[in-house]
Structures are given as structure tokens and as C-alpha cells.
2 protein chains.
Amino acid sequence: MSIPKKHFKKGTPKPDIPEDGVLRYYTMRFCPFSQRAHLMLAAKKIAHHTVYIDLSEKPEWYTDYSPLGKVPAIQLPHLPGKPTLVESLVIAEYLDEEYPGERSFFPKDPLQKAQDRILIERLSPAVSAIYPVFFTTDPPADALKNFEVALDVFEEEIKKRGTPYFGGDKIGIVDYMIWPWFERFPALKYTLAEPYELDSKRFAKLLSWRQLMEQDEAVKATALDAKVHAKFMRTRHEGKTNYDLAFEPL
Amino acid sequence: MSIPKKHFKKGTPKPDIPEDGVLRYYTMRFCPFSQRAHLMLAAKKIAHHTVYIDLSEKPEWYTDYSPLGKVPAIQLPHLPGKPTLVESLVIAEYLDEEYPGERSFFPKDPLQKAQDRILIERLSPAVSAIYPVFFTTDPPADALKNFEVALDVFEEEIKKRGTPYFGGDKIGIVDYMIWPWFERFPALKYTLAEPYELDSKRFAKLLSWRQLMEQDEAVKATALDAKVHAKFMRTRHEGKTNYDLAFEPL
């Protein structure tokens, strides 16, 4: 019994998930918020079943797991009532606390934890600025400029921290929680008429950090190639969103 | 030396805050997110100086404390670098961890903590639905209906928990984090042509909870009368937002 590797759509019956008490991870393969949860599952080596959800045409049964239909969700079938959790940061912290693994990723110090959470939120303006560039064919003229101004915060911060990762000498929660978007930015080398890449001077530290991050096992385990992201973006430009191309050969 | 009780505007110099190491709380008196921080300060009896910020015309110096100009912010002048924290939930958790007070409000159990955080997020659809009713003169026709559907989640949840508070027999973090909006809903008795109140059958448990909450010392310490909220909403309807009327006699 295995769960088909495809995004479940409206009208498709619930997959047969083995009743083996193993954690269930509900995701859309291109969703950066879902990848946050995936990174934690991979980094902590937590066994899980994966169920892919088509976000354009959600299967009717999905609200049983995620009342608002959002991904990611994780279900904990080994616990009473088989509870489901949503919200990527809530899931990340829960997994970090309940599955110690080799180490934990959230800082223990309340001040550092608060500051890391605030830093994670600071990516929002960069994400808001870049999304129209990713997914529409006519983004606002100043989108890339606003994106870079928002990213300056991260270049400054990693400079200030003076360590290879935001988490210090090792990857921490900030690194994993912002990573999914950094995996996607290089798609702009392929989707834009004028290929775009972060400026190597202005974002020197951030680009070194990106290279380091690419070597991480959890990052590798959850990665999609920039060309696949670009291909997905093009399906959205054309109004033919195709989630399953994540599983097709490039 | 005391800080004037008024909302600081663009062009006004920084107030002279005593250099006594006491925590500084930056707020707008009508802001529900700020009230979350205020409730924690009050419940934990944490000494603090209050600085009110005019959100329509923010003082230039405010971005020194809150880089995106948002309230609430707290500054911790007793710590190296005098760090500032933003984001109401981040502030709430930091205060809960660093200032034990008589008791803590976040659950210790990771699952319960995750579920409480998710429940707090579930208020967003109710807030999104009701805001146009609060602050515009021409809200969408289905706004109140959508608001009630979103609140059903809370009525169901408190029924399911079977306790007077979301936190159990005592107030917990969900109670305080959702409270500010419940303080404001009764303003609709005064602002709408057809006075609005939650249905006493459909929201029976939630209304009992509201009555209990009104007795809490921290809730009382941070409260504004529904008529004052209504008056504030009317200044916004008229395009003459007046934050300082929080300090005027009714």
C-alpha cells in the first residue's frame, strides 16, 4: 500500500494511508511554506507519509485535516484524536520540540528566539515584492527594486551576526525558515527576458550563505532545481498551473 | 520627568524617557495588537513606560524602535544593545518566558501550545470580516454573516474544551490574545443604524466567556469602554482619525 505521488484533486477519493502511526505530511510540492515543514522533517529524520494536495482544485476531504484548506499540515496519528497541525512556523516549532533528533534549531534563549522570529517575519516584504515577478506576466515596475531593498535587511543582519549561518556556526531556525524562497529566486535566471540574479557585491554575504545552504542534507533532500521552479512559474503565467510537473523529468 | 499622555506625531521630538532600565512599551491606544502586549504587561505586573504612537503620521524617530513602524513594540533598556521586539505574539511569548510573574500563560505541552497558536490564528477571518464594519461606512453586505461564521469556530471550541476559559479553569494565552477584538465588537451597538450584538443562543458560551473575561484585572486595566471604541470608529468614518480621544472624558 503506497500513496500515489501526484497532487490530489477535487473529486479524487482519499488515499489509503497506512495505519501505522507514522506522521502524515500534507503539502503542495512547490509551496515554500510546505517546504519549511519538509526541511524540519528531513533535518530531524522524522519518518512520514506524504500526501500532495492540488491547491487550485482541493480535494473535498482535505478540510478534515486543514480546516481552511491550507498547506502545510501534519497529522499525528499516534496521538489521541489524531490531531492535525497547520501553519508552517507552528509546525516547525512543534517538530523541533517533540522530535529532538540530533539537535534543535530554535534558540533556547527567549530573547534570541524572539529576535529570530522577528527576522523570519522580515522576509515578508521581499516575498510580497517578488511574487508578482514569479507568477504574473506584468509585475509592477519597481518590484525588483523593492525586493532588493527588503533583502538588504538580511545582508546586513548576516554581516552583523558575523557567522556563516543566521543560526551561527550551524544552521538554525532562521536559515531553514527563509531558505525556500532563496531556492526559488534563481528561477528568475530563466523566467525573465533579462535574466536576473542577486548582485554579487550588494549581496555578497547572502550569496556565500546560499552556497553553504545548498550543501546541507535537508536542503538537498527537499530541493527542486531552479529550472523546475521556472517551468512551474511558466505554467502559472499561462493560466495552466501544473503541480505534478515536480515529478516529471526536466 | 514623565512622558506626555498623547500620541506622538511626525515632527514631534522624541520624548524624554527616564533612563531607569524600565521596559518601554510603544503602542497606539486603540490598537488591538498592542493591547495583547498590554494585557501581558498587566497580567504579569511588569513595570513599563508607555509611549503612544500616532499611526497616521508616525514620528520620524519611531523606526529606530520598530523598523517597519508597526505597533506594538517593546524596548528592553536593561539588556545589552537595548533591543526592541515587535510582533504581538512574539512579544507575548517573550514576556511570558522572561517574566514568570505569578504564573505563565502559554501551555508547556508542545501539542497544546501548537493548537493554541493555531486557534489564535483562526480569529483572522473574523477580524477581516468585521474590520470594514468597524471602519468604513459601506461594508460588504455579507460582512456580518461572514463574521459570525468565523466566530462559530470559537463557540464550538470553547464548548469542546468544556471549561470557562480557552485556557481551562484559568485564563490562558488564547483568552488574552483574542480578547482585544471581543472588547471592540460591542461598539457595533453604537455605530450601526441597526444596533448589533452577538446572538445570545448561537454564541451562548462565548458570551458567558466574555462576561467572565470582563472581570479579569488585566482586562480591566487595559480596557476602553465600547462607547469610546465607537467614538473612535466614527472619527475614522469621517476621515478624521483621532487617537487622543482615548484620553478624553466620554
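Because the structure is a prediction, the values reported are computed rather than measured.

Caption draft 1: The relation of the copies chain A and chain B, seen in detail. Here chain A sits on chain B after a turn of 180° about the axis and a move of 0.0 Å along it, with an RMSD of 0.0 Å. What we have between these two chains is a two-fold relation. When the interface residues of chain A are mapped onto chain B, 100% of them again lie at the interface, so the same face is used by both copies.

Caption draft 2: Geometry of the sheet that holds strand 1 (residues 7-8) of chain A. Residue and element names in this part refer to chain A. A sheet is described by the order of its strands in space; here 5 strands give the open sequence 1-3-2-4-5, paired in mixed fashion. Two strands close off the open sheet at either side, each with one partner strand: strand 1 and strand 5 (84-86). Two strands pair when backbone bridges link them, and strand 2 (residues 23-27) and strand 4 (residues 73-75) are joined in this way by 3 bridges, in the antiparallel orientation. Within strand 4, the position partnered with tyrosine 26 by the bridge is alanine 73.

Caption draft 3: How the structure looks around helix 1 (residues 32-43) of chain B. All names here are of chain B. The end-to-end C-alpha distance of helix 1 is 16 Å, a good match for the 16 Å that 12 residues give at a rise of 1.5 Å each. Among all positions of helix 1, only Pro32, Ser34, Gln35, Arg36, Ala37, His38, Leu39, Met40, Leu41 and Ala43 are buried. In the stretch just after helix 1, lysine 45 is the one whose phi turns positive, near 50°.

Caption draft 4: Quick peek at the interface of chain A and chain B. Contact residues are listed per partner, giving 22 residues for chain A and 22 residues for chain B. Overall, the association of chain A and chain B removes approximately 2000 Å² of surface from exposure, summing both partners, and the carbon and sulfur fraction of that is 71%. Sorting the residues of chain A by area buried against chain B places Pro110(A), Leu111(A) and Ile118(A) first, and these three jointly supply 23% of that buried surface. There are 6 salt bridges connecting chain A and chain B.

Caption draft 5: Spatial organisation of the pattern of salt bridges. For the structure shown, the criterion picks out 40 salt bridges over all chains. Its salt-bridge partner being Lys159(A), residue Glu156(A) comes within 3.8 Å of it at the nearest N-O pair. Taken together, the residues span about one helical turn, with Glu156(A) and Lys159(A) both in helix 5 (residues 143-161) at a distance of 3 residues. A relative accessible area of 44% means that Lys159(A) is categorised as partly exposed. In this structure, Asp54(B) and Lys9(B) form a salt bridge, with 3.1 Å as the shortest nitrogen-oxygen distance.

Caption draft 6: Geometry of the UniProt feature "domain: GST N-terminal" (unreviewed entry) in chain A. When the UniProt feature table is mapped to this numbering, "domain: GST N-terminal" (unreviewed entry) covers residues 21-103 of chain A. With 28% helix and 20% strand, the stretch residues 21-103 of chain A has end C-alpha atoms that lie 23 Å from each other.

Caption draft 7: Representation of the sheet that holds strand 4 (residues 73-75) of chain B in the model. Residues and elements named next belong to chain B. Pairing is mixed across the open sheet formed by 5 strands, whose spatial order is 1-3-2-4-5. Each having just a single partner strand, strand 1 (7-8) and strand 5 (84-86) make up the two edges of the open sheet. Sheet contacts for helix 1: strand 2 (23-27) and strand 3 (48-53); angle to strand 2, the most-contacted strand, approximately 150°.

Caption draft 8: Structural context of the environment of Phe247(B). Residue and element names in this part refer to chain B. Mapped onto the elements, phenylalanine 247 comes out in the segment after helix 10 (226-237). Separated by 183 residues in the primary sequence, phenylalanine 247 and aspartate 64 place their C-alpha atoms 26 Å from one another. Filtering out sequence-adjacent residues up to four positions away, phenylalanine 247 remains in contact with Lys5, Lys6, His7, Arg29 and Tyr52.

Caption draft 9: Looking closely at the domain arrangement of chain A. All names here are of chain A. Splitting chain A by domain gives domain 1 (7-98) and domain 2 (110-247). Put simply, the middle of domain 1 and the middle of domain 2, counted by C-alpha atoms, are 23 Å apart. Facing 21 residues of domain 1, the contacting portion of domain 2 comprises 29 residues. Across the domain 1-domain 2 interface, the total number found is 1 salt bridge. Where glutamate 93 meets arginine 117, a salt bridge forms, and the shortest distance between an N and an O atom there is 2.3 Å. Taken together, domain 1 and domain 2 are joined by 10 residue pairs in polar contact (both at pLDDT 80 or more). Contributions of two or more residues to the side of domain 1 that touches domain 2 are made by helix 1 (32-43) and helix 2 (88-98). Broken down by element, the residue count for the side of domain 1 that touches domain 2 peaks at 9 residues, all from helix 1. Of the residues belonging to the side of domain 1 that touches domain 2, the class tally is 13 nonpolar, 4 polar and 4 charged.

Caption draft 10: Spatial organisation of the packing of helix 2 of chain A against helix 3 (residues 110-121) of chain B. Relative orientation of the contacting elements helix 2 of chain A and helix 3 of chain B amounts to 175°, with a least axis distance of 10 Å. One finds that helix 2 of chain A runs roughly antiparallel with respect to helix 3 of chain B. Together, Val90(A), Glu93(A), Tyr94(A), Glu97(A) and Glu98(A) of helix 2 of chain A and Pro110(B), Leu111(B), Lys113(B), Ala114(B), Arg117(B) and Ile118(B) of helix 3 of chain B make up the contact between the two elements. When grouped by side-chain class, the residues that make up the contact of helix 2 of chain A with helix 3 of chain B number 6 nonpolar, no polar and 5 charged.

The rules behind these values
- Residues numbered from 1 in each chain as written.
- Chains lettered and ligands numbered in written order.
- Predicted model: local features only at pLDDT ≥ 70, side-chain atom pairs only at ≥ 80, totals over all residues.
- Heavy atoms only, no water.
- Least-squares fit on C-alpha atoms with pLDDT ≥ 70 in both.
- Contact = heavy atoms within 4.5 Å.
- Pairing = 2+ DSSP bridges.
- Helix = DSSP H or I, 4+ residues; strand = E, 2+ residues; numbered from the N terminus.
- Expected span 1.5 Å × (residues − 1).
- Buried < 20%, exposed > 50% of the residue type's maximum accessible area, 1.4 Å probe, protein only.
- Buried area = accessible area lost by both parts, 1.4 Å probe.
- Salt bridge = Lys/Arg side-chain N within 4 Å of Asp/Glu carboxyl O.
- UniProt positions renumbered as here; feature names shortened; annotations may be inferred.
- Axes fitted to C-alpha atoms, helices over the stretch in contact; angles between N-to-C directions.
- Domains from an automatic or database assignment.
- Polar contact = N/O pair within 3.5 Å; in protein donor to acceptor, adjacent residues only side chain to side chain.
- Nonpolar A, V, L, I, M, F, W, Y, C, P; charged D, E, K, R; others polar.
- Parallel < 35°, antiparallel > 145°, perpendicular 65-115°, else oblique.

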